[in-house]
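So the chains spell out like this:
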Amino acid sequence: MIIDMTIIIVTHNSSQYISECLNTIAPYNNKDINIIIVDNASTDITLEIIKTKFPSITLIQNLKNIGFAAAVNQAAYQSKSDYLLILNPDTRLESKYFEKLQKFIEQKPDLSICGFQLISTKGEDLPSCWKTPTLKTLCFEMFLPHKISLKLVTESSNKLSEIDAVSGACMLIRRETFEKLGGFDDRFFMYVEDLDFCLRARKTGYQVFINPDIKVVHHVAKSSWQDMQGFFFNIYTSKFYFLRKHYSTVKVGLAFILIIIGLKLRIVTYFIAGVLLFNTKLLRLSKYHIFVLKKIITRTHFI
């Protein structure tokens, strides 16, 4: 193996999947491929698993959860590798992943950023590349059912293609590109930092690719489901911050209004459906969105 690469994994209460993830990459932890795990103050047995089963892997322990983007930057600037592979702890690399990746890099030596085809544990294709967030995509996500909006805000390809953005669940970045862009924007606590990075890269002149021939198994959003209130709050605030960062004041104002209206509609819809269908899950979703709405309205920096 001759890829000079650092694999960066950020964990936070990831004990359910971290062993499966590391079992697929630990054998490659050598002079060419270095694995760095940044743990954001896990309170479960994540640290015990890493220390006991994978003692040769570099582990950085944070005393508090500093967020995904900041943790990636923390690891990236401790490495010297030519390439960085950002990898979620709830993923599993397919057999011969590194062999395929090495061949791909040799064929495309000028590669800056690339994502790969995420698949479910059943082998089904999952969203792996995304359209750049806009007011239009925000409308889709706020006012349409998730299964419909997802198709409208994602892209797909059955061959190597240049696209807007790739998922940070498994994202290959050339170090030169990462450093020139100043790494991830750590004002994104979690979510959308990958879309922001890809947009900044394209504005700088770099290309973003998806390679669907290389596959990665992803247990979708398993880490997020541990804290659904936090998940919804982080996803909405991150999307809003993205728009505030890249668009005009008028569009940002419209985005804020759309989010508030969308949240209120979801609260009412989930509550009525939950009551009529005696569905506690829908009632919880209504409660989560009430929490998010209150947080958004009271956080002045959000506006």
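Residues numbered from 1 in each chain as written. Predicted model: local features only at pLDDT ≥ 70, side-chain atom pairs only at ≥ 80, totals over all residues. Heavy atoms only, no water.

Caption draft 1: Quick look at the side chain of Arg-175. Within the secondary structure, Arg-175 is located in helix H7 (residues 175–180). Only 2.2 Å separates the side chain of Arg-175 from the side chain of Ser-79, close enough to count as a polar contact. Setting aside anything within four residues of it in sequence, one finds Arg-175 in contact with Ala-76, Ser-79, Lys-80, Ser-81, Asp-82, Tyr-83 and Leu-84. (Helix = DSSP H or I, 4+ residues; strand = E, 2+ residues; numbered from the N terminus. Polar contact = N/O pair within 3.5 Å; in protein donor to acceptor, adjacent residues only side chain to side chain. Contact = heavy atoms within 4.5 Å.)

Caption draft 2: Structural view of a nonpolar patch on the surface. Where nonpolar side chains cluster on the molecular surface, the patch consists of Val-268, Phe-271, Ile-272, Val-275, Leu-276, Leu-277 and Leu-283 and spans about 650 Å² of accessible area. In this fold, Leu-283 is placed in helix H11 (residues 280–298). (Patch = residues over 30% accessible without salt bridge, like charges linked within 9 Å, V, L, I, M, F, W, Y side chains within 5 Å. Areas by Shrake-Rupley, 256 points an atom, 1.4 Å probe, with all protein chains shown as cover. Salt bridge = Lys/Arg side-chain N within 4 Å of Asp/Glu carboxyl O.)

Caption draft 3: Local environment of the packing of aromatic side chains. For the coordinates displayed, the defined rule picks out 13 aromatic pairs. Between the aromatic rings of Phe-184 and Phe-197, the centroid separation amounts to 5.1 Å while the plane-to-plane angle is 70 degrees, which identifies the pairing as edge-to-face. Taken together, the residues span a long stretch of sequence, with Phe-184 in the loop between H7 and helix H8 (193–204) and Phe-197 in helix H8 at a distance of 13 residues. Each of the two residues, Phe-184 as well as Phe-197, counts as buried. Centre to centre, the rings of Phe-240 and Phe-256 are 6.0 Å apart; their planes meet at 70 degrees, and the pair counts as edge-to-face. Here Phe-256 lies in helix H10 (residues 249–277) and Phe-240 lies in helix H9 (residues 228–246), a separation of 16 residues in the sequence. Overall, the relative accessible area of 2% leaves Phe-240 in the buried class. With a relative accessible area of 19%, Phe-256 lands in the buried category. Through a chain of ring-to-ring contacts, the aromatic side chains of Phe-68, Tyr-77, Phe-178, Phe-184 and Phe-197 assemble into a single cluster. (Phe/Tyr/Trp six-rings, centres within 6.5 Å; stacked < 30°, edge-to-face > 60°. Buried < 20%, exposed > 50% of the residue type's maximum accessible area, 1.4 Å probe, protein only.)

Caption draft 4: Summary view of the environment of Tyr-77. Counting through the fold element by element, Tyr-77 comes out in the loop between helix H3 (68–76) and strand E4 (83–87). With relative accessibility at 43%, the residue Tyr-77 sits in the partly exposed group. For the pair Tyr-77 and Phe-178, spaced 101 residues apart in the sequence, the C-alpha separation amounts to 9.9 Å.

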